[in-house]
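# Inside the fold
Listed below, chain by chain, are the residues.
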4 protein chains.
Amino acid sequence: MSLKLGVIGTGAIGQDHIRRCSQTLLNSQVVAVTDINLAQAAKVVADLNLAAEVYPDGHAVINAPDVEAILVTSWGPSHEEYVLAAIAAGKPVFCEKPLAVTAQGCRRIVDAEVAHGTRLVQVGFMRPYDEGYRALKAVIDNGQIGEPLMLHCAHRNPRVGEHYKTDMAITDTLIHELDVLRWLLADDYVSVQVVFPRKTSKALAHLRDPQIVLLETAKGTRIDVEVFVNCQYGYDIQCEVVGETGIARLPEPSQVQLRSEAKLSNAILMDWKDRFIAAYDVELQAFIDGVRAGQVGGPSAWDGFAAAVAADACLDAQQSGQIVRIELPERPRFYG
Amino acid sequence: MSLKLGVIGTGAIGQDHIRRCSQTLLNSQVVAVTDINLAQAAKVVADLNLAAEVYPDGHAVINAPDVEAILVTSWGPSHEEYVLAAIAAGKPVFCEKPLAVTAQGCRRIVDAEVAHGTRLVQVGFMRPYDEGYRALKAVIDNGQIGEPLMLHCAHRNPRVGEHYKTDMAITDTLIHELDVLRWLLADDYVSVQVVFPRKTSKALAHLRDPQIVLLETAKGTRIDVEVFVNCQYGYDIQCEVVGETGIARLPEPSQVQLRSEAKLSNAILMDWKDRFIAAYDVELQAFIDGVRAGQVGGPSAWDGFAAAVAADACLDAQQSGQIVRIELPERPRFYG
Amino acid sequence: MSLKLGVIGTGAIGQDHIRRCSQTLLNSQVVAVTDINLAQAAKVVADLNLAAEVYPDGHAVINAPDVEAILVTSWGPSHEEYVLAAIAAGKPVFCEKPLAVTAQGCRRIVDAEVAHGTRLVQVGFMRPYDEGYRALKAVIDNGQIGEPLMLHCAHRNPRVGEHYKTDMAITDTLIHELDVLRWLLADDYVSVQVVFPRKTSKALAHLRDPQIVLLETAKGTRIDVEVFVNCQYGYDIQCEVVGETGIARLPEPSQVQLRSEAKLSNAILMDWKDRFIAAYDVELQAFIDGVRAGQVGGPSAWDGFAAAVAADACLDAQQSGQIVRIELPERPRFYG
Amino acid sequence: MSLKLGVIGTGAIGQDHIRRCSQTLLNSQVVAVTDINLAQAAKVVADLNLAAEVYPDGHAVINAPDVEAILVTSWGPSHEEYVLAAIAAGKPVFCEKPLAVTAQGCRRIVDAEVAHGTRLVQVGFMRPYDEGYRALKAVIDNGQIGEPLMLHCAHRNPRVGEHYKTDMAITDTLIHELDVLRWLLADDYVSVQVVFPRKTSKALAHLRDPQIVLLETAKGTRIDVEVFVNCQYGYDIQCEVVGETGIARLPEPSQVQLRSEAKLSNAILMDWKDRFIAAYDVELQAFIDGVRAGQVGGPSAWDGFAAAVAADACLDAQQSGQIVRIELPERPRFYG
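Residues numbered from 1 in each chain as written. Chains lettered and ligands numbered in written order. Predicted model: local features only at pLDDT ≥ 70, side-chain atom pairs only at ≥ 80, totals over all residues. Heavy atoms only, no water.

### Looking at the overall build of chain A
Each helix and strand in chain A was counted, giving 10 helices and 15 strands. In summary, chain A has a C-alpha radius of gyration of 20 Å against a globular reference of 20 Å for 336 residues, a match within 12%. Judged by the C-alpha coordinates and their principal axes, chain A covers about 55 × 55 × 45 Å. Scored against the burial criterion, the 336 residues of chain A give a buried share of 61%. (Helix = DSSP H or I, 4+ residues; strand = E, 2+ residues; numbered from the N terminus. Rg over C-alpha atoms; globule rule 2.2 N^0.38 Å. Buried < 20%, exposed > 50% of the residue type's maximum accessible area, 1.4 Å probe, protein only.)

Shown next, in the form of structure tokens:
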């Protein structure tokens, strides 16, 4: 039987997920949708030819009797409310990042889920579902490079628009590394420092770009992440793990090798959407399969909370120029 | 609605396809199976928990009223009979390679399909569905390297067993290149020559290994394919297209780059099953989607026939040491 | 003490070698020069500020009492005469390729040198002095890939001028592979076949380009060399040796890796002069050191003869389209 | 005419340089040597068959009438004394690193040279003579990647002995980056911070390994250098320059590419001596050529001083864990 999904929010990412669930993934169907703009929600239903009802708001979607699980793809500030409501209704919920716009909001979700007693929440961090990161983690976990000591990472975009402010380097960009590197290392952050190199002339006046974020983990591993969102040349995600006996590097996306015009070259992607497109399918299929098997897995509410706590410290570090401690409360036994 | 499939042959590849259809792909279900060993067919149904009936033979599967399309995954010599029967029944049929064990057999299928008047047959050549080959074809078709002039290819296996004879380098190994290179170049073969280099000491006494197959196409493109099935080091598929202005190379499978033990290295696959595993999913989904849309596509009976004609000439060339002409009759307009 | 050199021929390559001997290499000085154009010889002496006498012809250079060794860098058809004269005078001679314009001419030199009783002649094949080829040979000789079975090679130039005719693909281009591959494999050629792929539209009307030369060695190793002199994209020399247990590939010239404009790229050289520039220094230093030590080494007159015999067969094969035998007389014991 | 050299110190590096000058380089001869162990100096003269006199001490070498230039390759603490004496004698001097064991010592040399009025001193930093670094600098200087904003570097050794202490990560290892990166960027350091990742279990108890050194330049460029001297897998020097429009990476040493044992691999060097061996020849030839042309160039006393000032700050930063300012006095106009 297909899993019956209710979708809250039919903007770009909401539409992508609806399309996925109805056209690409196995064993799911969208039966309920809503959006702050109801006309748009109705149009999406019509355009995609869905057998889905349009509800007046998220709570109505959550409480619709045929809805078995919820996708929260609405405006960030509304996530917490809907995730808490889904937990209250005892329904599994996949929530796009951020889980909540504050660490406290994430904590409230954690507490609600723990009180509920079984996992209901999967956060929409897709990188742990990327084949490259999984291969990298396998190399580490197999002991092929010994214990990890240092990570050298980069998150580069060709360019960003005027809306992109200095703090978004943390909340919109680095947030993916904050999640995936915890998962990769099975470790927690304990401190962070942000340094600002010479600013690129390609960035708008209001934006400090690039930035380097220096993280330390509980085990003492040191991570440097270059965040450079006007690098011009491509969307480029790098992750190199230096271990005691060797170094492992995240694969570059597979490309045709060309010899032409005095260059031996491989294309670099320009659009971030192309980079992790397969991972979005895999993460959502994992949610669907998990719910159907009675075992929600993947990035948890605790992971969302931990990323939020780290992000808050990074924002402090951006402002202060100091080394900022990252204090994560003890992990509830519930989260393993 | 799911496409209802009947599967003839529940050996290794049959089971793989049944598993695909019932667990991985969209919009298909297996409702009928048979095998020369009926007990095994029944066991597969039970093991995979299928709601499928076991029929006494392939013809019963083809004629079962609820069966909408057929997968032929039986012993090679039986393919022609079942494909012809499926055409006679007007039901779409996906046939694992070879389409038939002789070129004449393939021709009979072509004639039957043409007489039927619409495409019903897709041959199980999976490489045109491989992401790497598709990217390579896109580079050629976009004109990034100009007109193709030469192809340098290799098909290497770590080792083969005692059953593998010299002619199987053509019929089991090269057959994939014979198909995919025609598709890649949109061209036909006109001659072939086979040369035998110094034999590797790693091959059994009865086997000539490696071999080099030299093909010429109608447009004059020259292709060399090294077939080396005891190369020891890995399963390695290479394809380099030399065009008028540049060279494009089939991507290597994506791997974690390692620095360890005085080597900068990427793993090479050892098992052919890992190399094109995604392509098998894509080809069969394409068949299912095609049937549901009323448009069977992919490698056609004509493609199967053309590969068989070329393979026969390669076998002659192996024997004679001469340059052998490859004469393909005019392509029926039906095949575009 | 510096070795006192006489140089016959002060064209481009002659001037290069004179500059090398007087400015770059150790232990040599140019004391005598000549050229068919004596004024130009005088100008070179003046421009490079050499303490060298200009002689009326090559024989005068050879016989000048202070000249200890000869460099023959004159017009190809004159090489044989001067090399024979140097041998007659008992003076070591470095001769630019070709050693002679016919195989018989080379044979006469071989016979004269054997009669003389010690090695005097080094032929100007520079690739065996290239660091990359030497590293490749070391990998083979160390047994890292087992016995060589096949070589896949390419010799590509961006473009050639109108003077370049179809036979020059052998005599000017392939000649380098004919020499270096014999050395690499320590083996001799026994047959050759030339095939002509579809012609590139970038070649002039009179030229067949590309060509593929298929060689077989005494040990049964099969070699394919793509000769493509209007490939547009670069000067590119490829050599891949397929052995019984692995494959070794000639290093690409070392380059800065760039990420820019949606490409991960390394530059490919456009000018052949940049490709083996270091090897020219090494080969000539080896000659100088060899003479001073009383042991001329490097590519011998026999190697020059063997290359000429192979080249003649290649020219036959170009014309006939047939597989042509390459018959090399027994190697005199003198050449080891 | 050959440049007549006096060499002070005939230990390992002294012998290497003597061998270079007498056997590999152009236009130099060693006419005078000394060592704290005079017997050893005499043995070197005899072993290398030099026409050189053994003097009782460095001052005697400097003042020997036929000595035209000096190589200081003695014990580090003696460098300052001999360099100052050479300047006093008005003789050009090539001094192995360190120029002096304290920044003040370097400064005294700078002051003496400025007082002398022309350049006499070249410091033995060889990396600016490495072909790879030169190619990297050319890419930057040509504007191919825009203004440099960040450098990600690594200096890794397979392992170190018991004598290697934590501060030697700066004075013996990082010192090469401190020199070459100033040259590469044509910029000066203004601050440094050192962080200590989780210690590798492969390091001896007394050593903190790895370390990460974070430098800031006057132009605001940020540099991170990983120093990891027990990395096990190889001697590996990495330098990646992130510019406004692209990224350039120091070439890996050229190697034969191998396919064997399920790996596509290139060898990584294990011995640091192999990595920059050509650069040592080039730097010393540059000194010889410079002296003969009356123009000493290359790394200057000022560069040696600047490296020493930066190294002192790095040592402070190691101890304090703080961000330490690097204050370099104004550069004398003399140094351009």
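### Considerations on the pairing of strand 1 (residues 3–8) of chain A
Residue and element names in this part refer to chain A. Among the six residues that make up strand 1, five are buried, leaving the element largely enclosed by the rest of the structure. As judged from the six bridges shared by strand 1 and strand 2 (residues 28–34), these two strands associate in the parallel manner. The residue bridging L5 from the neighbouring strand is V30, located in strand 2. Read from strand 1 through helix 1 (residues 12–24) to strand 2, the crossover connection turns out right-handed. Relative to strand 4 (residues 69–72), strand 1 runs parallel, the two being bridged by four bridges. Bridge pairing links L5 to A69 in strand 4. (Pairing = 2+ DSSP bridges. Right-handed = clockwise from strand over helix to strand, strands pointing away.)

### A short note on the packing of helix 4 (residues 79–88) of chain B against helix 5 (residues 103–116) of chain B
Residues and elements named next belong to chain B. For the pair helix 4 and helix 5, interaxial distance at closest approach is 10 Å and the crossing angle is 5°. In terms of orientation, helix 4 and helix 5 fall into the roughly parallel class. Between helix 4 and helix 5, the residues in contact are E80, V83, L84 and I87 and G105, R108, I109, A112, E113 and H116, respectively. Split by residue class, the contact of helix 4 with helix 5 holds five nonpolar, two polar and three charged. (Axes fitted to C-alpha atoms, helices over the stretch in contact; angles between N-to-C directions. Parallel < 35°, antiparallel > 145°, perpendicular 65-115°, else oblique. Contact = heavy atoms within 4.5 Å. Nonpolar A, V, L, I, M, F, W, Y, C, P; charged D, E, K, R; others polar.)

### Some points on the pairing of strand 11 (residues 236–243) of chain B
Residues and elements named next belong to chain B. Most of strand 11 is tucked away, with eight of its eight residues classed as buried. Note: strand 7 (residues 148–156) against strand 11, eight bridges, orientation antiparallel. Directly across from H155, in strand 11, lies its bridge partner I237. Where strand 11 meets strand 12 (residues 246–249), three bridges bridge the pair, whose relative direction is antiparallel. Pairing of V242 across the sheet is with I247, part of strand 12. Between strand 11 and strand 12, which pair antiparallel and follow one another directly, the connecting turn spans two residues.

### Some remarks on the interface of chain D and chain A
On the chain A side, the residues contacting the 37 residues of chain D number 37 residues. Of the roughly 2,800 Å² buried where chain D meets chain A, counting both sides, 56% is carbon and sulfur surface. It is D:R198, D:R222 and D:E244 in chain D that bury the most area against chain A; as a group they hold 24% of the surface buried on that side. Linking chain D with chain A are two salt bridges, by the criterion used here. D:E147 is paired through a salt bridge with A:R198; the nearest N and O atoms lie 3.0 Å apart. (Buried area = accessible area lost by both parts, 1.4 Å probe. Salt bridge = Lys/Arg side-chain N within 4 Å of Asp/Glu carboxyl O.)

### Let's talk about the packing of aromatic side chains
Tallying each qualifying case throughout the model produces 20 aromatic pairs over all chains. Ring centres of A:Y133 and A:F276 lie 6.4 Å apart, and the angle between their planes is 25°; this geometry places the pair in the stacked category. Highlighted residues: A:Y133 in helix 6 (residues 131–141) and A:F276 in the loop between helix 8 (272–275) and helix 9 (277–292), separated in sequence by 143 residues. For the pair shown, A:Y133 and A:F276 are each scored as buried. What links up through ring pairs into an aromatic cluster is the set A:W302, A:F305, A:F334 and A:Y335. The cationic tip of C:R208 hangs over the ring face of C:F196; the distance from NZ or CZ to the ring centre is 3.8 Å. Against the face of D:W183 rests D:K137, its NZ or CZ located 5.3 Å from the ring centre. (Phe/Tyr/Trp six-rings, centres within 6.5 Å; stacked < 30°, edge-to-face > 60°. Lys NZ or Arg CZ within 6 Å of the ring centre and 35° of its normal.)

### Regarding the packing of helix 6 (residues 131–141) of chain D against helix 7 (residues 168–185) of chain D
All names here are of chain D. The contact between helix 6 and helix 7 brings their axes to 10 Å, and the two run at 35°. Along the contact surface, helix 6 presents Y133, R134, L136, K137 and I140, while helix 7 presents E177, V180, W183 and L184. Split by residue class, the contact of helix 6 with helix 7 holds six nonpolar, no polar and three charged.

### Some points on the state of the cysteines
All names here are of chain B. One pass over the full model with this rule turns up zero disulfides over all chains. Note on C239: no disulfide assigned, nearest cysteine sulfur contributed by C153 at a separation of 3.9 Å. The class of C239 is buried, set by a relative accessible area of 2%. (Disulfide = S-S within 2.5 Å.)

### Notes on the relation of the copies chain D and chain A
Mapping chain D onto chain A leaves a residual RMSD of 0.1 Å; the transformation is a rotation of 180° accompanied by 0.0 Å of translation along its axis. What we have between these two chains is a two-fold relation. A high fraction, 100%, of the interface residues of chain D reappear at the interface in chain A, so the copies pair face to face through one surface. (Least-squares fit on C-alpha atoms with pLDDT ≥ 70 in both.)

### A short note on the relation of the copies chain C and chain A
Least-squares fitting of chain C to chain A yields an RMSD of 0.0 Å, with the transformation described by 0.0 Å of translation along the axis and a rotation of 180°. The residues that chain C uses at the interface reappear at the interface of chain A in 100% of cases, marking a shared surface.

### Things to note about the nonpolar core
Residue and element names in this part refer to chain A. Judged by nonpolar contacts, the single largest core of 85 residues is most densely connected at V121, L181 and C239. Examining the composition of this core, we find that 11 residues originate from one element, helix 10 (residues 301–320), more than from any other. The contact partners of L181, leaving out residues within four places of it in the chain, are L151, C153, Y189, I223, V225 and C239. (Core = buried A, V, L, I, M, F, W, Y, C linked by side-chain atoms within 4.5 Å.)

### A word on helix 4 (residues 79–88) of chain D
Residues and elements named next belong to chain D. For helix 4, the tally of buried residues reaches seven of 10 residues, placing the bulk of the element in the interior. The complete set of buried residues in helix 4 reads H79, E80, Y82, V83, A85, A86 and I87. Tucked inside the fold, the buried residues of helix 4 contact strand 1 (3–8), helix 3 (58–63), strand 4 (69–72), strand 5 (93–96), helix 5 (103–116) and strand 6 (121–124). Backbone geometry just downstream of helix 4 places G90 in the positive-phi region, at approximately 70°.

### Re helix 10 (residues 301–320) of chain C
A rise of 1.5 Å per residue sets the reference length of helix 10 of chain C, with its 20 residues, at 28 Å; its end C-alpha atoms lie 29 Å apart and thus fit the reference within 8%. Burial runs high along helix 10 of chain C: 15 of the 20 residues are buried. (Expected span 1.5 Å × (residues − 1).)

### A short note on the interface of chain C and chain A
Each partner contributes residues to the interface: chain C has 16 residues there, and chain A has 16 residues. Counting the contacts that link chain C with chain A gives four salt bridges. The salt bridge involving C:R259 is made with A:D236; its shortest N-O contact spans 2.9 Å. Counting every contact that joins chain C to chain A gives 10 residue pairs in polar contact (both at pLDDT 80 or more). If you list the elements that add at least two residues to the side of chain C that touches chain A, you get strand 11 (236–243), strand 13 (257–260) and strand 14 (263–267) of chain C. (Polar contact = N/O pair within 3.5 Å; in protein donor to acceptor, adjacent residues only side chain to side chain.)

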